[in-house]
Amino acid sequence: MQSRRLSRRSALVLVLSFHISTAPVLAAHPNEKQVEIKRGAALMGTYVSVAATAVDRATALAASESALRALEAAERTLSTWTPGSELSRVNRARSGETVALSRELFEALDGAITCHRDTSGYFNPAVGALVRLWGLRDGGRLTRPSRRELKNALAASQVATFTLGTGDVTRQSGDAVFEEGGFGKGAALDQAARAVRDARLVLNLGGQILVTDGPPVDAVIEGSGLVLGIERGSLATSGNDKRAVRVAGQARGHILDPTTGLPAADFGLLTVWAESGLRADCLSTALYAMGPARALRWALGRSDVQVLIQSRGARLATCGLKNKIKNNTNVKFICNDEQLETLLKEYDI
């Protein structure tokens, strides 16, 4: 999930708004001809572990340092928990004001808005009004929002109220607020990966993993014991099982469906593999908001995104994970529409 300061896998519409990523256990395969440096640090309100492998110790150490510095810089750019961050300054812009963006923030917002478009609005980086409405940064509100409150928050949570130009953004409405909870960790991981050229990285930021090209790395998905062999890309897991807000005394999930403004249904866990950290981050929240059936239909046939869903005793995975999941006992792989519909009916999903 997104860290307290960075906003999580994930949640938002974002789907919401803060998204929960379960923490995997990593074990890199050793290479006798190279040196691995492992480091950890408290960053973005959570913990990051960095493993850098290179031809010698000095190169690996320098790579780990570069990755950590890039993550620190990403926090200064993306965190809306920090009033002086670049994204906070965007959120304070007047209606109609155009704000110049750093390359890093422009790429992050561009990727988040692309994810919004690709998921038909199930991911929404401009859900700050909904986050406030549900009190997700304050442990949840005590009463259910009224219809008027919900309508107003939805109206203020429209990506179209921001116009992204070439290196700048214009805030069209003073009520619109970017919320980095569903893309900030992924964007930070991507920035760390881009900062290192001469070493192989394995990063774990608050439960989301990013691996640069190299030998397979074992990622154990918490709550399942499943082991995925990952050569590159990012894994993010979302679920409502570990953190919930309370509304009128009733527990509600922290992942919001931006298309309705309401908490998404709690169905279990959803893990996404994608080529980039931002893509995995935003999709893990968006697909969770869709629900398991819609999410699997969306992902089926895509080569650049793979999905694993654990729900109602079922473990359903898209076909591209067949060669990645090592201990695939009880995992049902879906490679075509007929298999998908059969399994959804079998497990009543």
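Our subject is the structure that appears above.
Presented here is a report on the structure given in the accompanying data block. The model shown is predicted, which means the values in this text are computed figures rather than measured ones.

**Looking at the sheet that holds strand β6 (residues 97–100)**
Across a sheet, paired strands are connected by hydrogen bonds in the backbone, their directions being either parallel or antiparallel.
Here comes step 1: Judged by pairing direction, the sheet is antiparallel, and its three strands sit side by side in the order β6-β8-β7 without closing on themselves. One side of each edge strand has no neighbouring strand; the edge strands of this open sheet are β6 and β7 (162–164). The average undirected angle you get between the axes of adjacent strands in this sheet is 20°.
Here comes step 2: In this sheet, strand β8 (residues 168–171) lies alongside β7 in antiparallel orientation, the contact comprising three bridges. By the bridge assignment, Phe162 is partnered in β8 with Arg171.

**Focus on the state of the cysteines**
Here comes step 1: In the structure shown here, the tally under the stated rule is two disulfides.
Here comes step 2: Across the disulfide from Cys115 sits Cys282; the S-S distance is 2.2 Å. In this structure the cystine formed by Cys115 and Cys282 twists about its S-S bond by roughly 100°; its chirality is therefore right-handed. With a gap of 167 residues between them, Cys115 in helix α3 (residues 103–118) and Cys282 in helix α7 (residues 277–290) connect regions that are remote in the sequence.

**Observations regarding the pattern of salt bridges**
Here comes step 1: Tallied over the full model, the rule gives 15 salt bridges.
Here comes step 2: Among the salt bridges present, the one from Arg69 reaches Glu65, with a minimum N-O distance of 1.9 Å. Taken together, the residues Arg69 and Glu65, both in helix α1 (residues 57–78) and four residues apart, mark about one turn of the helix.
Here comes step 3: With relative accessibility at 31%, the residue Glu65 sits in the partly exposed group.
Here comes step 4: Between Arg232 and Glu275 there is a salt bridge, with its nearest N and O atoms 2.9 Å apart. Separated by 43 residues along the polypeptide, Arg232 in the loop between β12 (226–230) and β13 (233–239) and Glu275 in the loop between β18 (269–274) and α7 bring together distant segments of the chain.
Here comes step 5: The network of salt bridges with shared partners includes Arg39, Glu65, Arg69 and Glu72.

**With respect to the packing of α3 against α7**
Here comes step 1: Packing of α3 against α7 leaves a shortest axis separation of 10 Å and a crossing angle of 40°. What the angle tells us is that α3 and α7 run oblique. For the pair α3 and α7, the crossing hand works out as right-handed. Between α3 and α7, the contacting residues are Ala108, Gly111, Ala112, Cys115 and Asp118 on the first element and Leu278, Arg279, Cys282 and Leu283 on the second.

**A closer look at the environment of Leu296**
Here comes step 1: With respect to the element layout, Leu296 can be found in helix α8 (residues 292–299).
Here comes step 2: Ignoring sequence-local partners within four residues, the contact set of Leu296 consists of Val307, Ile309, Leu316, Thr318, Ile334, Leu340 and Leu344.

**As for α3**
Here comes step 1: Given a rise of 1.5 Å per residue, 16 residues ought to cover 22 Å, and the 22 Å separating the end C-alpha atoms of α3 matches this to within 8%.
Here comes step 2: Listed as buried for α3 are Leu105, Ala108, Leu109, Ala112, Ile113 and Cys115. Summarising the axial view, the buried residues of α3 lie within an arc of 155°, below the 170-degree limit, and thus occupy one face. Turned more than 90 degrees off the buried face of α3, the exposed positions are Arg103 and Arg117.
Here comes step 3: Looking at the buried residues of α3, the elements they touch are α1, α2 (86–91), β7, α6 (184–194) and α7.
Here comes step 4: Phi turns positive, to about 55°, at Ser120, one or two residues after α3.

**What to know about the packing of aromatic side chains**
Here comes step 1: Evaluated as defined, the whole model comprises two aromatic pairs.
Here comes step 2: Ring geometry for Phe162 versus Phe178: centroids 3.9 Å apart, planes at 20°, classification stacked. Of this pair, Phe162 sits in strand β7 while Phe178 sits in the loop between β8 and α6, placing them 16 residues apart in sequence.
Here comes step 3: Taking the relative accessible area as the measure of exposure, Phe162 reaches 5% and is therefore buried.
Here comes step 4: Take Phe178: its relative accessible area is 2%, and that puts it in the buried class.
Here comes step 5: Measuring from ring centre to ring centre gives 4.1 Å for Phe267 and Tyr288, while their planes differ by 20°; the resulting arrangement is stacked. Linking Phe267 in the loop between β17 (262–263) and β18 with Tyr288 in helix α7, this pair joins segments that are 21 residues apart in sequence.
Here comes step 6: Judged by its relative accessible area of 0%, Tyr288 falls in the buried class.
Here comes step 7: Sitting above the plane of the Trp81 ring, Arg137 keeps its charged end 4.1 Å from the centroid.

Conventions and cut-offs
Residues numbered from 1 in each chain as written. Predicted model: local features only at pLDDT ≥ 70, side-chain atom pairs only at ≥ 80, totals over all residues. Heavy atoms only, no water. Pairing = 2+ DSSP bridges. Helix = DSSP H or I, 4+ residues; strand = E, 2+ residues; numbered from the N terminus. Axes fitted to C-alpha atoms, helices over the stretch in contact; angles between N-to-C directions. Disulfide = S-S within 2.5 Å. Salt bridge = Lys/Arg side-chain N within 4 Å of Asp/Glu carboxyl O. Buried < 20%, exposed > 50% of the residue type's maximum accessible area, 1.4 Å probe, protein only. Parallel < 35°, antiparallel > 145°, perpendicular 65-115°, else oblique. Left-handed = near helix turned anticlockwise from the far one by under 90°. Contact = heavy atoms within 4.5 Å. Expected span 1.5 Å × (residues − 1). Arc of directions from axis to C-beta. Phe/Tyr/Trp six-rings, centres within 6.5 Å; stacked < 30°, edge-to-face > 60°. Lys NZ or Arg CZ within 6 Å of the ring centre and 35° of its normal.

Geometric values such as these leave the question of function open.
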